[in-house]
Amino acid sequence: MAESAAPVAAAPPRKPAARGWPGVGPQLAERLAKIDVFSPADLILHLPLRYEDETRLTMLADLRAGVPAQCEVEVQSCEVSPPPRRQLVARVADASGELTLRFVHFYPSQHKQLAAGSRLRIFGELRDGFFGAEMIHPRLRPVAAGEPLPESLTPVYPTTAGLAQSALRKLIAGALRHHPPADELPDALRRRLNLPALPDALRLLHAPPPALAIADIEDRGHPAWQRIKLDELLAQQISLRRAYAARRAKNAPGLPPQQTLTRELLERLPFALTGAQARAFAEIGADLALDHPMQRLLQGDVGSGKTCVAALAMLRAAENGRQAVLMAPTEILAEQHYRKLAGWLAPLGLEVAWLSGSRRKKAREATLARLAAGEILLAVGTHALIEDPVVLPRLALAVVDEQHRFGVRQRLALREKGCAGESPHMLMMSATPIPRTLAMSYYADLDVSVLDELPPGRTPIVTKLVMDGRRDEVIRRVHDACAAGRQAYWVCPLIEESEALQLQTAEESFAMLSAALPDLAVGLVHGRLRNDEKSATMAAFAAGTIQLLVATTVIEVGVDVPNASLMVIEHAERFGLAQLHQLRGRVGRGVHESVCILLYAQPLSQTGRERLKAIFEHTDGFVIAREDLRIRGPGEFIGARQSGVPLLRYADLGEDAALVDIARGLAEELLRDAPRVADATTARWFGGRAALLKA
Ligand code: ADP
Ligand code: MG
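Residues numbered from 1 in each chain as written. Chains lettered and ligands numbered in written order. Predicted model: local features only at pLDDT ≥ 70, side-chain atom pairs only at ≥ 80, totals over all residues. Heavy atoms only, no water.

Undergrad: Help me understand the pairing of strand β14 (residues 395-400) in this model?
TA: Regular strands have side chains that alternate between both faces of the sheet. Taking burial as the measure, the six residues of β14 include six buried ones, the bulk of the element. When strand β11 (residues 323-327) meets β14, the two strands line up parallel, connected through five bridges. The partner of L326 across the bridge, within β14, is V399. Bridge count between β14 and strand β15 (residues 425-430): four bridges; the pairing is parallel. The residue of β15 that forms the bridge with V399 is L427. Taken together, β14, helix α14 (residues 408-415) and β15 form a β-α-β motif whose crossover is right-handed. (Buried < 20%, exposed > 50% of the residue type's maximum accessible area, 1.4 Å probe, protein only. Helix = DSSP H or I, 4+ residues; strand = E, 2+ residues; numbered from the N terminus. Pairing = 2+ DSSP bridges. Right-handed = clockwise from strand over helix to strand, strands pointing away.)

Encoded structure:
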């Protein structure tokens, strides 16, 4: 990302270092770390995705299309077809008939295994190919005549490059043997639940008994799966309760409604709050009135008006004589918030401090002194706010905008800014809407308010997918929009690998557009500009003196210029779905019909195509988030792996609602009667990450 928050210095490692353990060297440990396995205990919880039945042999004549099966065959012949379609094609036979095996990609080792006369067990699906029945890319295993068949189903595990199924199977079998899992649940409880003991459930799933049918064990409703999911949910519920109890035990300044500053702002705002904004502010206000710290996420799609809710919450602190800060991930966004808040609050006689890395030392020191003296109550800034010299003795509320851009530790650092013995209330805001249930499983102890309504008078954004070759047409559109008094963004292609190249393409796009549109005022903003240059350009765009703004993703979040009604995104296929949604949200903020043109280049990858389809079809951020989750899978979604926050691996809050209820009750019971069991359960699932749950 072109401009992201700087990490806090000297943060301890997020995960246990992948050093390995007896039998697992550093290189293997590193690969295991990629699948979140850091110990033998983690291996035991690494459960199969599915199973393959290698306990039986099927005769070639009995194969059915689309049904995976294993056969034992002898190779008759094998050849590599000539280029351009270099393929490995083998003829194999058993007593019942013959079959063709086809490899579109192949390794020399496979070529060798398929030497004429070799005896192999092949595993794959029959398919009616162009040349008759064949198997594409079957798995091959050379065998001696009469070699016995395995007695149980073969588990297939989620894995990563360089970690073969066979190696993973051996490791897991070893871990089960040498580190047998224990079930700490008291016997009486277990009997009541009528579920297998945890070790039995784990053994059954890793090495199913011979009699078990694939369909039974792949069904996540199987009692063994139920037991695993219950344990996982139990760990989650225990951590949630602990985090909740820890928060309740902390002190925070209670901020009852005074109806002075907040009421004044409401009266002066040029608009009425939407129903959703009013509801969210009421929820936040109720939390703020309590004398233990609020921990709330305000979720709302781009443009739903989160800033205004944040301002009201900050005023609730100020009207109680306490301090509040708003932290944003980029200079551009922080400055825009600063201007907006300062504009709203100056008529109320309130000063807002501005803290960013770019402020001159003298001015900065004067501001810091007045904040430290409690003379200024409100501050807006970047992560400069969490730096050491910033002292906020009367801090009561910290708001974090676009909170997913910050690390857990940065949020913690902000919380530490309060005075001794008190924790400030925290309000996190995010326009990367996370489905509610997912939010609850990502962030341990968190209440959620949702802005599910856009302010009135917005015209929906029209999204167009345009092939790269029609760029001239698009440039004409930009011209027409600006000639009609509107403004436009031109977003440069994302080049994540190299900041230098990113800069170069931005400058090229700027030069190309300036030349093609000589009668327009064209500006350029990118991450390498000095902060004052950036802010001058943004101010000129906001004021309308720049008509076309060529930009990198520095404008991705928060930028709010209602007169901008056209956005062009070059090489849209390179952007992530959440990013496209955020970028597109820069338009559609005013009364004019807005258009977002996604320029794309062929060939598109499968996920590239899916992403463009999703962004083209949907405008609702929550739906887009769901699509994103579907396309990317939960592991990568909002970078959960990096944040160290636990994601449910097996249980599903929706599907397993009944288990969630049981886990909730059980968690309470264990915390009360058997805290050691509760400890063991959370350690098993979250290991060293449990501490981060509280962030
Ligand atoms: P986001 O939720 O994306 O942070 P903003 O807070 O930037 O959204 O608000 C988007 C725009 O909508 C701003 O120009 C803001 O002043 C305006 N706005 C906020 N609330 C309302 C409202 N209730 N009615 C009309 N406009 C509003
Ligand atoms: Mg915003």
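Alright, that's what it looks like, and here's the rest.
Undergrad: I would appreciate a short explanation of the sheet that holds strand β22 (residues 594-600) in the present structure.
TA: What holds strands together in a sheet is hydrogen bonding between their backbones, with the strands either parallel or antiparallel. Across the sheet, which stays open at both edges, the six strands sit in the order β17-β22-β21-β18-β20-β19 with parallel pairing between neighbours. Only two strands of the sheet have a single partner each, and these edge strands are β17 (461-467) and β19 (522-525). This sheet shows a mean twist of 20° between the axes of neighbouring strands, independent of strand direction. (Axes fitted to C-alpha atoms, helices over the stretch in contact; angles between N-to-C directions.)

Undergrad: Any chance you could explain the pattern of salt bridges here in plain terms?
TA: Pairing between side chains of opposite charge can happen when the charged atoms of each approach one another. Going through the model one piece at a time under the given rule, you end up with 40 salt bridges. In this structure, D53 engages R56 in a salt bridge whose closest nitrogen and oxygen atoms are separated by 2.4 Å. The exposed category is assigned to R56, whose relative accessible area is 55%. Here R247 ties to D447 by a salt bridge, and the two come within 3.7 Å at their closest N and O atoms. Of this pair, R247 sits in helix α8 (residues 223-248) while D447 sits in strand β16 (residues 447-451); the two residues are 200 residues apart in sequence, bridging distant segments of the chain. The buried category is assigned to R247, whose relative accessible area is 8%. D447 gets classed as partly exposed once you look at its relative accessible area, which sits at 30%. Look at the salt bridges and you will find they share partners, linking R50, E52, E54 and R139 into a network. (Salt bridge = Lys/Arg side-chain N within 4 Å of Asp/Glu carboxyl O.)

Undergrad: Can you help me understand the environment of L230 in this one?
TA: For L230, the position within the fold is in helix α8. Along the backbone, L230 and A651 are 421 residues apart, and their C-alpha atoms lie at a distance of 7.6 Å. Not counting the four nearest positions on each side in its chain, L230 is found in contact with L193, L195, L659, I662, A663 and L666. (Contact = heavy atoms within 4.5 Å.)

Undergrad: Any chance you could explain the domain arrangement of the protein chain here in plain terms?
TA: Reports of interface size often rely on the accessible area that becomes lost once the parts have come together. The domain boundaries assigned to the protein chain delineate domain 1 (56-149), domain 2 (261-451) and domain 3 (461-618). Using only C-alpha atoms to locate each centre, domain 1 and domain 2 end up separated by 64 Å. (Domains from an automatic or database assignment.)

Undergrad: What am I meant to see in the site of ligand 1 here?
TA: The environment of ligand 1 is made up of 17 residues, and the closest members are G303, K306, T307, R458 and D560. Between an oxygen atom of ligand 1 and a side-chain N or O atom of K306, the distance comes to 2.7 Å. Interatomic distance of 3.1 Å between a side-chain N/O atom of K340 and an oxygen atom of ligand 1. Contact with the protein chains removes 88% of the 560 Å² of surface that ligand 1 exposes when unbound. (Near = heavy atom within 4 Å. Polar contact = N/O pair within 3.5 Å; in protein donor to acceptor, adjacent residues only side chain to side chain. Areas by Shrake-Rupley, 256 points an atom, 1.4 Å probe, with all protein chains shown as cover.)

Undergrad: How should I be thinking about helix α11 (residues 306-318) in this particular structure?
TA: Every α-helix carries 3.6 residues per turn, so stepping three or four residues along brings you back to the same face. The end-to-end C-alpha distance of α11, which contains 13 residues, comes to 19 Å, matching closely the 18 Å that a straight helix rising 1.5 Å per residue would cover. Most of α11 sits inside the fold, with 13 of its 13 residues counted as buried. (Expected span 1.5 Å × (residues − 1).)

Undergrad: Before we go on, may I ask you to explain the pairing of strand β6 (residues 126-129) in this structure?
TA: Where β6 lies against strand β7 (residues 132-136), four bridges are found, and the strand directions are antiparallel. Pairing of R127 across the sheet is with E134, part of β7. The hairpin formed by β6 and β7 contains two residues between the paired strands.

Undergrad: Help me out: how do you make sense of the nonpolar core in this one?
TA: Generally speaking, soluble globular proteins have nonpolar side chains that are buried together. Formed by 38 residues in total, the largest nonpolar core has its most connected members in L265, L315, L341, L345, L378, L397 and L427. Secondary-structure elements contributing two or more residues to this core are α9 (261-268), α10 (275-288), α11, β11, α12 (331-345), β13 (378-381), β14 and β15. Top contributing element to this core by residue count: α11, with ten residues. Not counting the four nearest positions on each side in its chain, L427 is found in contact with I284, M294, R296, L298, A310, A313, L397, A398, V399 and V400. (Core = buried A, V, L, I, M, F, W, Y, C linked by side-chain atoms within 4.5 Å.)

Undergrad: Mind showing me how you'd approach the sheet that holds strand β8 (residues 139-142) here?
TA: Spatial strand order, β6-β7-β4-β3-β2-β5-β8: seven strands in an open sheet with mixed pairing. Edge strands, defined here as strands with exactly one partner in the open sheet, are β6 and β8. For this sheet, the mean inter-axis angle between neighbouring strands, taken without regard to orientation, is 45°. Sheet analysis places strand β5 (residues 119-124) next to β8, joined by four bridges and oriented antiparallel. Along β8, the bridge assignment pairs R121 with R141.

Undergrad: Before we go on, may I ask you to explain helix α16 (residues 471-483) in this structure?
TA: Under the 1.5 Å per step criterion, the end-to-end length of α16 is 18 Å for 13 residues, consistent within 8% with the ideal 18 Å. Buried within α16 are the following residues: V474, I475, V478, A481 and C482. Seen along its axis, α16 keeps its buried residues to an arc of 120°; they face one direction. Set apart from the buried face of α16 by more than 90 degrees, the exposed residues are D472, R476 and A483. Each element contacted by the buried residues of α16 is listed here: β17, β18 (487-491), α17 (499-516), β20 (548-551), β21 (564-569) and β22. Trailing α16 by a residue or two, G485 shows a phi angle of about 95°, which is positive. (Arc of directions from axis to C-beta.)

Undergrad: Which parts of the structure should I look at to understand the packing of aromatic side chains?
TA: By convention here, two paired aromatic rings are described through the distance between centres and the angle between planes. For the structure shown, the criterion picks out four aromatic pairs. When the ring of W225 is compared with that of Y650, the centres are 5.7 Å apart and the planes differ by 50°; the resulting orientation is tilted. With W225 in helix α8 and Y650 in the loop between α22 (640-643) and α23 (657-673), this residue pair connects regions lying 425 residues apart in the sequence. Using a relative accessible area of 1% as the deciding quantity, one classes W225 as buried. (Phe/Tyr/Trp six-rings, centres within 6.5 Å; stacked < 30°, edge-to-face > 60°.)

Undergrad: How do you make sense of the side chain of Q487 when you look at a structure like this?
TA: Mapping Q487 onto the fold places it in strand β18. Q487 sits in the buried class, given a relative accessible area of 4%. Beyond its immediate sequence surroundings of up to four residues, Q487 is in contact with C482, F541, G544, I546, Q547, V561, N563, A564, S565 and L566.

Undergrad: What exactly am I supposed to notice about the packing of α12 against helix α18 (residues 531-543) here?
TA: α18 packs onto α12 with a crossing angle of 55° between their chain directions and a minimal axis gap of 10 Å. By the angle between their axes, α12 is oblique relative to α18. Every pair of crossing elements has a handedness; the one defined by α12 and α18 is right-handed. For the pair formed by α12 and α18, the contact residues are E331, I332, E335 and R339 on the first element and N531, K534, S535 and M538 on the second. Here the contact of α12 with α18 is composed, by residue class, of two nonpolar, two polar and four charged. (Parallel < 35°, antiparallel > 145°, perpendicular 65-115°, else oblique. Left-handed = near helix turned anticlockwise from the far one by under 90°. Nonpolar A, V, L, I, M, F, W, Y, C, P; charged D, E, K, R; others polar.)

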